[in-house]
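What follows is the residue order along each chain.
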Amino acid sequence: MRILYFGLVILISLQVSAQQHFTESIYRSKDRKTYTYAEKDNEELYLDVYEPENTFKNRPVFIFMHGGGFGYGSPRNDDEVKLAKIAASYGYVAVQISYRLTRKDQSFGCDFDAKGKIETFQLAAEDFLDAVNFMIDKKDEFNIDPNKIIIGGSSAGAEAVLSAAFNRDLLLKNASQYKNLKIKGILSLAGAIVDKRYIDKENAVPAIFFHGTADNLVPYATAPHHFCKKNEPGYLILDGSRSLAAKLKELNTSYMLNTFPEAGHEISRIPFDHLQMVFQYFDDVFLNSENQQVENTF
């Protein structure tokens, strides 16, 4: 009887642990590990890996790209590091990546031509996809399930990861080399893409969007980038969170649209006050394939 009792206790505790695995902050994060994932334009591109202190196999990986107008910022910004450690505490292998800051000390506004903006999205998307492939190659070292890849980004980083997911065939000449890379979900903080018409049933991925309706840099719906005028070199129409959510709804794909009326580009900051909701959606929808179409106004 005593053996049976302890067996039941262990079984129940394992079930509870499994239920809490990716929906509660219950693990400590190991020390950061840094790797060079590519060398481009005489620059070593690196990524920082934050692992949870658990021994689970086939762990999901959350790969994030910082913002900064493609000209500044770092995967070691305080907020990015904080996000990675929180994700690791939920049981994810969390990754923050560097990428080519092709607009460093240069404008990314209305005086920078639209063709150059598209090329900027392209190069950043390539860097991001190469970082994801690097982590897939390291799947055994980090006990990663390559079928549980969640990606995210803020501002410029969100534009890059959304482009990597939804505009791959439009932007990349070598898109075929990433054809086996499967994404389970996206976290976009004030992001947009060049053309939502390239989203179809084949590449539609569940996504969480955060965006302010008065964002004057990256449009909330469909509008010019930085709201440039037609006669300015940087005039480029982008499809923002509202438009992308509508496209996913049309395709019967899960999404969560978090709208902040009258808020600006500050909504690109990491939403620490809403992370419990975010990680619950990660678990329910991205990892367990529930179909949820949610719209919140804050």
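Quick look at the environment of valine 218
- Note on placement: valine 218 falls in the loop between β8 (207-212) and β9 (222-224).
- With residues up to four places along the chain from it excluded, the contact list for valine 218 reads Glu159, Ala190, Gly191, Ala192, His211 and His265.

Section: the sheet that holds strand β2 (residues 43-50)
- If you trace the nine strands from one edge of the open sheet to the other, you get β1-β2-β4-β3-β5-β6-β8-β11-β12, paired in mixed fashion. Looking at strand neighbours, the two that pair on one side only are β1 (33-40) and β12 (293-297), the edges of this open sheet. Going from strand to strand, the sheet's axes swing by 15 degrees on average, the running direction of each strand aside.
- Pairing between β1 and β2: seven bridges, direction antiparallel. Directly across from threonine 36, in β2, lies its bridge partner tyrosine 46.
- On the sheet, helix α3 (residues 114-137) packs against β1, β2, β3 (59-65), β4 (93-97) and β5 (144-154) and is oriented at approximately 130 degrees with respect to β1.
- Across the sheet, helix α5 (residues 156-166) touches β3, β5, β6 (185-189) and β8, and the angle it forms with β5 is around 135 degrees.

Some words on the state of the cysteines
- Here the structure, examined in full by the defined rule, presents one disulfide.
- What pairs with cysteine 110 in a disulfide is cysteine 228, and their sulfur atoms sit 2.1 Å apart. With the S-S dihedral at roughly -95 degrees, the linkage between cysteine 110 and cysteine 228 falls on the left-handed side. Within this pair, whereas cysteine 110 is found in the loop between β4 and α3, its partner cysteine 228 is found in the loop between β9 and β10 (237-240), the two being separated by 118 residues in sequence. We note that cysteine 110, like cysteine 228, is buried.

The rules we used
Residues numbered from 1 in each chain as written. Predicted model: local features only at pLDDT ≥ 70, side-chain atom pairs only at ≥ 80, totals over all residues. Heavy atoms only, no water. Helix = DSSP H or I, 4+ residues; strand = E, 2+ residues; numbered from the N terminus. Contact = heavy atoms within 4.5 Å. Pairing = 2+ DSSP bridges. Axes fitted to C-alpha atoms, helices over the stretch in contact; angles between N-to-C directions. Disulfide = S-S within 2.5 Å. Buried < 20%, exposed > 50% of the residue type's maximum accessible area, 1.4 Å probe, protein only.

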